[in-house]
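Descriptive analysis of the structure
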Amino acid sequence: MKIYLVRHARAVPRDEWGGDDLLRPLVERGEGEARAIADHLAGLGIARVVAAPELRCQQTVEPLALAARGAVHVDDRLGAGSNVQKALEVLPSFDDGSVVLCSHAELIVGLLRFFELGEAEEREGRMPCRKGSIWVLQGFGRTPTSATYLEPLPASKGRKPRFPEAEEAVAVRAATLDLGSTSFNLLIADATPDGAIRPIVQEKVMLRLGALMGSKPEIPEDVCARAVEVGRALCEVARREKVELLLPVATSALRDSKNGAEVARRIGSVIGKPVRILSGEDEARAIFRAFQARVPLGRERSLGLDLGGGSLELAIGHGRAVDWATTLPLGVVRLHGRFVKNDPMTPREARAIEERVRNLLAPCKAEVARRKPTRAIAAGGTARALARLVVEEGGRGARSVWPFPLPAARLAELRDRLVPSTHRQRLRVRGMRRGRADLVPTGALVLATVVSELGLDGLTVCDWGLREGVMLEALAGKKKG
C-alpha cells in the first residue's frame, strides 16, 4: 500500500484574488491538472482522499474522489501554516490501504525531510514539489522508507472522470421541464442512469409565480395563459433537439395554488405530456439524488437543501440512500412578496423574514441534530448567485467552480452587506445578475438564518439540483424496467 502526497494544482494567482485566500480556486489549467491526477490514480485502489481546507486543495482531488466513489475528507492539519508534527498525525498506516493527501509544498517537503527521504531528487538544495506533482511514499506500519517523485502530468482536457460503469452506459437525450416558482426552466442533456449528464440546451423564463402565493389563493388567468404559452415554447425547443424523454414537473407554486392542478393540466395538454406535480418530499429526494451523482458523498451523512422560489427543501442521506426529507414554505419569491415592500429592505422587514424562517424551521432542528450530518450541500438560484458573487469579487480570472464552499462567516458577511443595499447599488456589484438583484438580499437572509439555526459550518454550493435529479431518477427507473 502507498501514500500519495499531492501538491495542489494551479490556482488563481494571489495578486489577482481579492477575497479570502481559503477560497482561492483553481484556474482552468489547474482543473485539467486535477483531472490528470484522477486519471493516473483512480485505478490504483485508493481507499481514502484527504485534503487541506483550502479550496484549491479540495478541488485538486475532487475528480479523483468522484472517480473512486468516495468523498474528499478535509483536515485542518494539512492546511497552510500547519506544522509537520500536526501533519504526521494525519499519516495513516501503510496497512490501511492506499491514501491520497493533498496539501501545500512546504508541508510536503517538511514531511519528506522529517523522514529523511527524497534526497535523490533534490537539486541545488531544493526538494522538487511543483504544483500538481505527486510524491509516492512506501513503507511499513507508519514509517515511510522510500519516496518517488512524479512530475505534474499533462493537463487533461476531458470532462471530470465518471464512474466506470457510466462510460459503458447508453446515453439518452432527455429533457426536464421544471415549472418552478421563480422561473420555468428547460434542461436538455445526454444522460445515463449512472450519473453522467452532458447539458445540450438550458433555457429559463422568469415568471415568479411564487410572488402570488400567500396574497392570492389562485393564479390569475392572465398569468395562467402566460405560463401555458411559456411551457409550449420550451417544449418546442425540446422537440427541435429531438428529445427522446420529456419530463415535465411542477413544484410549490402549482402544488400550493388552488388552481395549480388545472394550470398543470392545461400545460400538459399543449405539450402533449402530463405534468407531474411533485410533493415536497418527492422534490427533496430528487434534489438529493442530483447531489449523490454530482458530489462525492461517500458513507457520511450530508444535509441537502434547495432554496427555490416557493419552498425550501431539506433532506439527509449519504451516497446510497436518503434517510429523511421535508419541505417548508420558505421560498425566496414567496417571502419577498409577503414581507418586503421597501428598497432597501427595512430592519423590521428583515426581522419578520428571520422570525418566519426560525419558526418554520424549529421542528426540523431536532431531526437534523439527531442525524448529525457532517456537511450541508445547497442548490438553487440564490445559493449559486451568492457563490458567484464570492468568486467574481475575488479578482480577475476567477470563475465559479462546482461544488463551491461558502463558509458560514462569508455567508453572514454577504447578508449584512446585501440586506441594507438598494437595488441600484446591487446592480453595480461585480457578478450580480439583473434578474436576481431584487431577490438576493432575501435569499441571503434566509440561507444565513438556516445555517445559523441548524448550527452549520457553511454550505457547499452545487450546480446540480432538481432538474438533474428528476432526469436521473427517471433514467434509473427506465433501466430497472
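All figures in this text were calculated on a predicted structure; none of them were measured in a lab.

Analysis parameters
- Residues numbered from 1 in each chain as written.
- Predicted model: local features only at pLDDT ≥ 70, side-chain atom pairs only at ≥ 80, totals over all residues.
- Heavy atoms only, no water.
- Pairing = 2+ DSSP bridges.
- Helix = DSSP H or I, 4+ residues; strand = E, 2+ residues; numbered from the N terminus.
- Axes fitted to C-alpha atoms, helices over the stretch in contact; angles between N-to-C directions.
- Contact = heavy atoms within 4.5 Å.
- 1 Å grid on protein atoms, 1.4 Å probe; cavity = no way out; pocket = protein on both sides within 12 Å on 5 of 7 lines; lining within 4 Å.
- Points joined across faces, edges and corners; volume = space filled by probe spheres on them.
- Nonpolar A, V, L, I, M, F, W, Y, C, P; charged D, E, K, R; others polar.
- Core = buried A, V, L, I, M, F, W, Y, C linked by side-chain atoms within 4.5 Å.
- Buried < 20%, exposed > 50% of the residue type's maximum accessible area, 1.4 Å probe, protein only.
- Expected span 1.5 Å × (residues − 1).
- Salt bridge = Lys/Arg side-chain N within 4 Å of Asp/Glu carboxyl O.

Strands sit in the order E14-E13-E12-E15-E17-E16 across an open sheet of six strands; the sheet is mixed. Of all the strands in the sheet, the pair left with one neighbour each is strand E14 (322–328) and strand E16 (404–407). Along the sheet, successive strands turn relative to each other by an average axial angle of 25 degrees, direction set aside. In the sheet, strand E13 (residues 312–317) pairs with E14 via six bridges, with the strands oriented antiparallel. Across the sheet, residue Ile 316 finds its bridge partner in E14, namely Trp 324. Against the sheet, helix H11 (residues 347–371) makes contact with E13 and E14, and its axis sits at roughly 165 degrees relative to E14, the strand it touches most. Each of E16 and strand E17 (458–461) is contacted by helix H13 (residues 408–418), which is oriented at about 70 degrees to E16, the strand it contacts most.

Applying the stated rule across the entire model yields two cavities of 30 Å³ or more. Estimated volume of the second largest cavity: approximately 30 Å³. Every residue along the wall of the second largest cavity is listed here: Leu 5, Leu 78, Leu 101, Ser 103, Leu 107, Ile 108 and Leu 111. With three residues, helix H4 (residues 105–114) is the single largest residue contributor to the lining of the second largest cavity. The residue makeup of the lining of the second largest cavity, split by class, is six nonpolar, one polar and no charged.

By size, the foremost hydrophobic cluster in this structure holds 56 residues, and its most contacted members are Leu 305, Leu 314, Ile 353, Leu 386 and Leu 459. Aside from chain neighbours lying at most four places away, what touches Ile 353 is Leu 335, Phe 339, Val 340, Met 345, Thr 442, Leu 445 and Val 446.

Moving on, we get to helix H9 (residues 280–294). One turn of the α-helix equals 3.6 residues, which is why residues spaced by three or four share an orientation. With 15 residues, H9 extends 21 Å between its outermost C-alpha atoms, agreeing within 8% with the 21 Å of an ideal straight helix rising 1.5 Å per residue. The element H9 is largely enclosed, with a buried count of eleven among its 15 residues.

Below, the discussion takes up the pattern of salt bridges. Evaluated as defined, the whole model comprises 29 salt bridges. The shortest N-O distance in the salt bridge between Asp 21 and Arg 14 comes to 3.9 Å. Note on Arg 14: relative accessible area 59%, which makes it exposed. Note that Arg 301 is salt-bridged to Asp 323, the shortest N-O span being 2.8 Å.

As a further point, take the pairing of strand E10 (residues 245–250). Counting buried residues in E10 gives six out of six residues, a clear majority hidden from the surface. As paired strands, strand E7 (residues 172–179) and E10 are joined by six bridges and run parallel to one another. Looking across to E10, one finds that Leu 177 is bridged to Pro 248. In the sheet, E10 pairs with strand E11 (residues 276–277) via two bridges, with the strands oriented parallel. In the sheet register, Val 249 faces E11, and the bridge partner there is Arg 276.

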